Amino acid sequence: MTPALDMRGICKAFPGVKALDDVSFDCRPGEVHAICGENGAGKSTLMKVLGGSYRPDAGEIRIDGAAMRFAHPRAAAMAGIAIIHQELSLLPHRSVTENIFMGHELVRPGFAGLLLDRGAMRARARVLLDRVGAQIDPDRSVAGLSIAQQQLVEIAKALLLDARILVLDEPTAALDDRDARQLLDLIRILRGQGVALVYISHRMPEVAAIADRVTVLKDGRLIWTRPQAEATIPAIVSAMVGRDLKDFYPAAPTAAPGETVLELDAVQAEGLPEISLTLRRGEILGVAGLEDSGKGQLARLLAGDLRPAGGTARLAGRPMPLGNPRRMIAAGLGYLPADRKREGLVLRQSVRDNAALALRAMRPAWARPAAGVFAPAMLDAGLKRMDVRAAHFGQEIGALSGGNQQKAIIARWLALDPAVLLFVEPTRGIDIAAKAAIYQTMREVADQGRGIVVVSSDLPELIGISDRVLVMHRGTIAGVLPRDPREEEIMQLSLGVSV
Amino acid sequence: MSDAMSKPRAARIAINAGLLLFLCLYALIVLIQPNYLEPGLFMNFLRRAAPLVILAAGQLYVILTGGFDLSVGAVVTFTVTAAALLTNGDPDATWPVIALLYLMGAGIGLFNGLVVAFLKVPSIIATLGTMLWLNGLALAWSGGAARGDLPENFRNLGRFQWRDVALVGTLPMAVLVLVAVLALLWWGVHGIGYGRRALAVGDNPRAAELAGIPVGRTRITAFVISALAAVTAGILLGGFSGVSVNAGVGLELQSIAACVIGGAMLLGGRGTIWCAVWGALSLFALFTLLNLLGLPQALRDSIQGLILIVAVGLTAWRSRARN
């Protein structure tokens, strides 16, 4: 069978770096072909070449056997290629129908094509939404949809253009398990309809579950392409990192946890009817739950981003004011957000300035900017302790990989010596080697007598790192599980089924 | 890796571009009028450019935090009219009136800042509103035409020159004021932590807030400093141009243009005090050049507009080239 997509010997260089070096990749109709690789391995560059955003320096792209040369992303779209990016591209204040038909609106016959045929578009949108299994009113505005629903709208949009090659770039990164499973089901349906699917993910169990073939890239080179049976998770992981991974999750602490460091007592807030919890020094408390379980609200509450309606909180023995990040940080809390770009980083500032940000916030505005605790040597020492890798720490942080950015944010908080750190999705979009380092750091930070709260949708991660797992359901705590719970136990609690 | 390496270099180029532009423009001036090479005429050039440079340096604070201050021109007008009406030619009133002017400036800046920080009104709208009510107030108070008189010792701040000074020949007081103000404003951005806070707020206000930066306070401070710089510029302008209800017309856009031409990023998060200084001097050199070429005054605005578009376009192009 002629592959739907055939990329041969693709090379792409940027000044000083060879992003793709003689990479070949193909995908047949009705096949899911997964691409794995650490960040910077060349996955995104390869997809940008495919999508017409980059022109390759060498190599050729064949669609259904015909050589193609895309001058513009639109040309790739017209050739039947659709790429669903991690960052969705929908217009939030337009309706679902308007988004699906963006740039391809249907018009009424006559009237010189000036009148939109809204009825036809709505009907067509409904068919497309049905096809992707989305129960969404086509008249709703996109802003009110969950990430999972928005993703389905993006896929429906791709189907409108009759895409025969569908690229999904980390589609489940922002989804919880239930939504992720639904998406995988949809992928199977599309495969059955003969779509060629390229699947990029860091989540190994998903790759193992869905891919017919797996390709591993590393440092811009093709390591291997194997059929599913030969692409076991350990084989993929060792090919990605170039070594075997041992001790992925740190060992359980030997010492018993210390005194209580964080206490929420009957706190009420939007989406959280009433919540009480305690966290002890040296303990890592995992928070699990489905997307609308309230775990996100709990994270926002602990970050100071949600005003409480009642209840009290204590941190390190003193009352802590909720609802004000600055005062909560002063009380000894540090927050590492899931969306680092939007909530964590000042992207145009240096690595050093990012690491100094919280300290800068707490010291007076008239403190000298590069002396004392702000001296480059001091800041660099903190960054080096976290093993942040950068060309130099005066470099803008936007150029660093996700893992190094996250490590720099950890350094930011450790500079303040906080009593409690809140990690939300600590390793989202971070490659495997950096993940292991971040877990290790979390354990060390806890062992130094701090309390850690981890809110995560990644169950293996939660199970691997947490000393206790708190499961949320409908805004309340459905149960608390001791170390090493089984995934099924967590799922039962998050679905509201008693164990 | 490679684009990581090129970033600090691009920032350096951005700063030097402003200086380079100024040197080129000044060289063109010298080509037409060789005596602009004399220290005396250069000092005079600096004296006339001083209000714009000071305005731009104050404006830079607001731009760093990701905003605009469109009210600075109105503050200049208000300062000149209020000074004339309050002193009414009485030299003894000069210093108390100057103190009062700064108080009013601080009040206006505080008003702008509070509206932006707490009512969450975009700064472009908030300061546009202030520009309108302040201009109206100045007109109503003065009755629509320049009234009152500025005493000699007030005007000397902008006008007085020491003669036969070593090296430079003449030394205008305005240049001394310029240097002192710039030293102060440089210190605010680069000498203390405030500048880094402002950059963080301009870069990503949400991340700054969640990291504990007092975002509201940082923004309010920027507006107060911008307004105080505008009062200073107004005092100097009143000194050498006299009383006029049009004293500050167009200065708000000129000061913003200056910062951008100098390489400050329009939506915040990138820039140094030198962006304002070299940008303002370049813009003023351009005006001087157009005057020397005998171009009509009206074309100044057109050319300024084109330069602004080119400057912002270049900044956008540079950042695109980097990614």
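The notes below deal with the structure included here.

This paragraph deals with the nonpolar core. Counting residues in each nonpolar core, the largest one holds 91 residues, and the members touching the most others are F45(B), V53(B), L60(B), L101(B) and L281(B). Core analysis: the second largest hydrophobic core is formed by 54 residues, F101(A), M121(A), I155(A) and V216(A) among them.

Residues and elements named next belong to chain A. For the coordinates displayed, the defined rule picks out 5 cavities of 30 Å³ or more. The calculated volume of the largest cavity comes to roughly 140 Å³. Contributing to the lining of the largest cavity are 14 residues, with R203, T427, R428, G429 and D458 lying nearest its centre. When its residues are assigned to classes, the lining of the largest cavity shows 2 nonpolar, 5 polar and 7 charged. Every residue lining the second largest cavity is listed: D176, D177, A288, G289, L290, S456, S457, L459, I490, M491 and S494.

The next thing to look at is the pairing of strand β2 (residues 169–172) of chain B. All names here are of chain B. Inspection of the sheet shows strand β1 (residues 161–165) paired to β2 by 3 bridges, in the antiparallel sense. Following the sheet pairing, V165 is matched in β2 by G169. Where β1 hands over to β2, the hairpin turn is made up of 3 residues, of which L167 adopts a positive phi near 70°.

Residues and elements named next belong to chain A. With antiparallel pairing, the 4 strands of this open sheet are ordered in space as β12-β11-β14-β15. For this open sheet the edge positions go to β12 (272–280) and β15 (318–319), each flanked by a neighbour on one side alone. Bridge count for strand β14 (residues 308–315) against β15 is 2 bridges, and the pairing is antiparallel. Its bridge partner being in β15, L315 is matched across the sheet by R318. Lying over the sheet, helix α9 (residues 295–303) contacts β11 (260–269), β12 and β14, oriented at roughly 115° with respect to β11.

This brings us to the environment of K218(A). Position of K218(A) among the secondary structure elements: in strand β9 (residues 213–218). For the pair K218(A) and H104(A), spaced 114 residues apart in sequence, the C-alpha separation works out to 38 Å.

All names here are of chain B. Taken together, the side chains of L28, L31, I32, L293, L295 and L299 make up a nonpolar region of the molecular surface, amounting to roughly 530 Å² of accessible area. Per-element tally for the nonpolar patch: the top contributor is helix α1 (residues 2–32), with 3 residues. Structurally, the position occupied by I32 is in helix α1. For I32, a relative accessible area of 37% gives the class partly exposed.

This part covers the interface of chain B and chain A. Tallying the contact residues gives 33 residues for chain B and 39 residues for chain A. For the pair chain B and chain A, the two sides together bury roughly 2900 Å², of which 53% comes from carbon and sulfur. Scanning the region where chain B abuts chain A turns up 4 salt bridges. The salt bridge partner of E343(A) is R206(B), with a shortest N-O separation of 2.4 Å. Summed over the shared surface of chain B and chain A, the number is 19 residue pairs in polar contact (both at pLDDT 80 or more). When contributions to the side of chain B that touches chain A are tallied by element, the ones reaching two or more residues are α1, α7 (173–191), α8 (194–203) and α9 (205–210) of chain B. No other element matches α8(B), which puts 7 residues into the side of chain B that touches chain A. Here the residues of the side of chain B that touches chain A are counted per class, giving 15 nonpolar, 9 polar and 9 charged.

Looking now at unusual backbone geometry. Residues and elements named next belong to chain A. Even without glycine at this site, D162 takes up a positive phi of about 60°. Relative to the assigned elements, D162 resides in the loop between α5 (147–160) and β7 (165–169). Owing to a relative accessible area of 54%, D162 belongs among the exposed residues under this scheme. Phi is positive for E425, which is not a glycine, with a value near 40°. In this fold, E425 is placed in the loop between β17 (420–424) and α15 (432–447). For E425, a relative accessible area of 8% puts it in the buried group.

Definitions and cut-offs
- Residues numbered from 1 in each chain as written.
- Chains lettered and ligands numbered in written order.
- Predicted model: local features only at pLDDT ≥ 70, side-chain atom pairs only at ≥ 80, totals over all residues.
- Heavy atoms only, no water.
- Core = buried A, V, L, I, M, F, W, Y, C linked by side-chain atoms within 4.5 Å.
- Buried < 20%, exposed > 50% of the residue type's maximum accessible area, 1.4 Å probe, protein only.
- 1 Å grid on protein atoms, 1.4 Å probe; cavity = no way out; pocket = protein on both sides within 12 Å on 5 of 7 lines; lining within 4 Å.
- Points joined across faces, edges and corners; volume = space filled by probe spheres on them.
- Nonpolar A, V, L, I, M, F, W, Y, C, P; charged D, E, K, R; others polar.
- Pairing = 2+ DSSP bridges.
- Helix = DSSP H or I, 4+ residues; strand = E, 2+ residues; numbered from the N terminus.
- Contact = heavy atoms within 4.5 Å.
- Axes fitted to C-alpha atoms, helices over the stretch in contact; angles between N-to-C directions.
- Patch = residues over 30% accessible without salt bridge, like charges linked within 9 Å, V, L, I, M, F, W, Y side chains within 5 Å.
- Areas by Shrake-Rupley, 256 points an atom, 1.4 Å probe, with all protein chains shown as cover.
- Salt bridge = Lys/Arg side-chain N within 4 Å of Asp/Glu carboxyl O.
- Buried area = accessible area lost by both parts, 1.4 Å probe.
- Polar contact = N/O pair within 3.5 Å; in protein donor to acceptor, adjacent residues only side chain to side chain.

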